[in-house]
Amino acid sequence: MPALSSSPINPTASASESTMTTKNVALLIHELQQLLPVTSVILSTESQRPFECDGLAVYQQLPLITVIPETVDHVQAILRLCHLYQVPLVPRGAGTGLCAGAMPHAQGVLLVMTKLNNILHINPNTATATVQPGVRNLALTEAVQDLGLYYAPDPSSQIACTIGGNVAENSGGVHCLKYGLTVNNVLQIKLITIDGQLMTLGGEGLDEPGMDLLSLFIGSEGLLGVVVEVKVKLLPKATRVQVLMAAYDSVTAAGDAVAALIGQGIIPAGLEMMDHLAINAAEEFVKVGYPIEAQALLICELDGTDAQVEEQLAVVSECFKEHGATRIRIAKDSEEAQALWQGRKAAFPAVGRISPDYYCMDGTIPRGKVGYVLTRIQELAQNYGLRVANVFHAGDGNLHPLILFDASIDGQLEQAELLGGDILTLCVDVGGTITGEHGVGLEKMPQMPYQFADAELAQFRRLKEAFDSDCLLNPGKGIPTLKYCQEYRSLQNG
């Protein structure tokens, strides 16, 4: 694993040290082999190789042990054993995360939850579904589509990512502008704490008495417990869905159009932006008719009744024209709409075709700052001698700059990391945040003390310790230690 070059401090170095011993590890392995099928306890280096990283593959680490439970009872027993023998544990879903949040611990257990993949119950009367954490995001929508329902959060990795992982990272997607992130679409979760207790947070309704621990847990990145069951809200399919595309000769004009549209009270189902480099990469890859001369492209999806969509379509088209759209294309049918979205959804692999490597960032800014921030990102990129393609959720200001580099060239990965760190601090400087949906994990630890004061970070640590006093769950991720913060402040002060 390369050092985090955006900070000279190693955020894992000051993580709580486990009190495990060689004897404890041997006892743990023996008990795991008694508990689980022989194929569910993986010890060999080569067999564990597929689990050494998540979607941010520049950070890699082999676990000590990989276990793949098949039942909730298995999960409960594994957690109790790790607590008993004081062995760190990292939960993992499909491994599509992009912040090294599921990167294994060298002296710990990697808990792979993909075999808990059953849809337990669908209730069309209440428009809810109860699923295990290993259910794929898209599989849930496919299971309820004949009922005229769907699950709204739709990350770009929805074909592979799991509901449990979505809960851990509070994932969003194209439709989060109107329908919210995972936290807005989950009613209840069942989780197991590090000492093996089964807890239920949330309930059948939209709110429950007492503290909102459900919202605390969603987005906690595997630091507080392991999800074993999730009850989600389902939404009815809209009567009509209309997609349109608007081209601009500058990112500033496109950003202004986004801010103006939201300011008029129009909340599209989705509103995405791509810059010139991303447009050209996507068009070369999927050939859907994107205008390759455009400096920025907006893809807007409206949904509702026929009357609602017609009214909004007129307002959106006029707003885009008033703010300098050089071309507006309204999809004439569902096939053309899917083609317009195909380019956006294929943007990440498309960029992968024009660069040996790329580093996907994740920060969020106020909508009114889009033009300024994208201009500043290009200036920063030039300073580092790198290129950046921007593909992001324009409606809610969630940026995904793709930093292009070649890891085979000495020093380029470190330069990409430094540029990524500068982009994240830029997001904070304009009133935004260092993450929108990817999470903090290991990747963004150097920026946590930049965004949060020491008192805030201390409160985060107290919350962590309330659930996991020995800091065995996903240690070294998400929340920097006091020592780390002190070293960071010392460096900042010269």
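Residues numbered from 1 in each chain as written. Predicted model: local features only at pLDDT ≥ 70, side-chain atom pairs only at ≥ 80, totals over all residues. Heavy atoms only, no water.

**Q** Quick question: what am I supposed to make of helix H13 (residues 370-384) here?
**A** Residues that lie three or four places apart on an α-helix share one face, since the helix turns once every 3.6 residues. Taking 1.5 Å per residue, 15 residues should reach 21 Å; H13 reaches 21 Å between its end C-alpha atoms and fits that length. Within H13 the residues assigned to the buried category are Val-370, Gly-371, Val-373, Leu-374, Ile-377, Leu-380 and Ala-381. Against the buried residues of H13 lie helix H8 (251-263), strand S13 (270-275), strand S18 (387-393), strand S19 (398-399), strand S20 (401-405) and helix H14 (412-429). A positive phi of about 70° marks Gly-385, the residue just after H13. (Helix = DSSP H or I, 4+ residues; strand = E, 2+ residues; numbered from the N terminus. Expected span 1.5 Å × (residues − 1). Buried < 20%, exposed > 50% of the residue type's maximum accessible area, 1.4 Å probe, protein only. Contact = heavy atoms within 4.5 Å.)

**Q** What am I meant to see in the packing of helix H16 (residues 454-467) against helix H17 (residues 482-492) here?
**A** Packed helices, taken two at a time, are described by the angle between their axes plus the distance between the axes. Where H16 meets H17, the axes come as close as 11 Å, and the angle between the chain directions of the two elements is 165°. Classed by the angle they form, the pair H16 and H17 counts as roughly antiparallel. Seen along the crossing, H16 lies across H17 with a hand that is right-handed. Residues Asp-454, Leu-457 and Arg-461 of H16 form the contact with H17, whose own contacting residues are Leu-482, Cys-485 and Arg-489. The residue inventory of the contact of H16 with H17, partitioned by class, reads 3 nonpolar, no polar and 3 charged. (Axes fitted to C-alpha atoms, helices over the stretch in contact; angles between N-to-C directions. Parallel < 35°, antiparallel > 145°, perpendicular 65-115°, else oblique. Left-handed = near helix turned anticlockwise from the far one by under 90°. Nonpolar A, V, L, I, M, F, W, Y, C, P; charged D, E, K, R; others polar.)

**Q** Would you mind going over the sheet that holds strand S1 (residues 41-42) with me for this structure?
**A** The strand order across the open sheet formed by 4 strands is S1-S2-S4-S3, and the pairing between neighbours is mixed. Each edge of the open sheet is held by one strand with a lone partner, namely S1 and strand S3 (89-92). In this structure, S1 lies alongside strand S2 (residues 65-67), joined through 2 bridges in antiparallel fashion. Within S2, the residue paired with Ile-42 across the bridge is Thr-66. The sheet strands contacting helix H1 (residues 22-35) are S1, S2 and strand S4 (109-112), and the helix crosses S2 at an angle near 20°. (Pairing = 2+ DSSP bridges.)

**Q** Explain unusual backbone geometry here, please?
**A** What is expected of a backbone is that most residues other than glycine have negative phi and most peptide bonds are trans. For Ala-127, which is not glycine, the phi dihedral falls at a positive 55°. With respect to the helices and strands, the residue Ala-127 is situated in the loop between strand S5 (119-123) and strand S6 (128-131). With a relative accessible area of 17%, Ala-127 lands in the buried category. Here the phi dihedral of Asn-474 falls at roughly 45°; this positive angle occurs in a residue that is not glycine. Mapped onto the elements of the fold, Asn-474 is located in the loop between H16 and H17.

**Q** Is there a simple way to explain the environment of Ile-68 in this structure?
**A** Position of Ile-68 among the secondary structure elements: in the loop between S2 and helix H3 (72-85). Owing to a relative accessible area of 11%, Ile-68 belongs among the buried residues under this scheme. Taking the C-alpha atoms as reference points, Ile-68 and Ser-40, separated by 28 residues in sequence, lie 4.8 Å from one another. Once you skip the residues sitting within four places of it in the chain, Ile-68 turns out to touch Ser-40, Ile-42, Phe-51, Val-112 and Lys-115.

**Q** Just to check I follow, could you spell out H14 for this structure?
**A** Helix length check: H14 (18 residues) gives 25 Å between terminal C-alpha atoms against 26 Å at 1.5 Å per residue, within 8%. The buried fraction of H14 is high, at 13 of 18 residues. Positive phi appears at Gly-431, one or two residues downstream of H14, with a value of about 100°.

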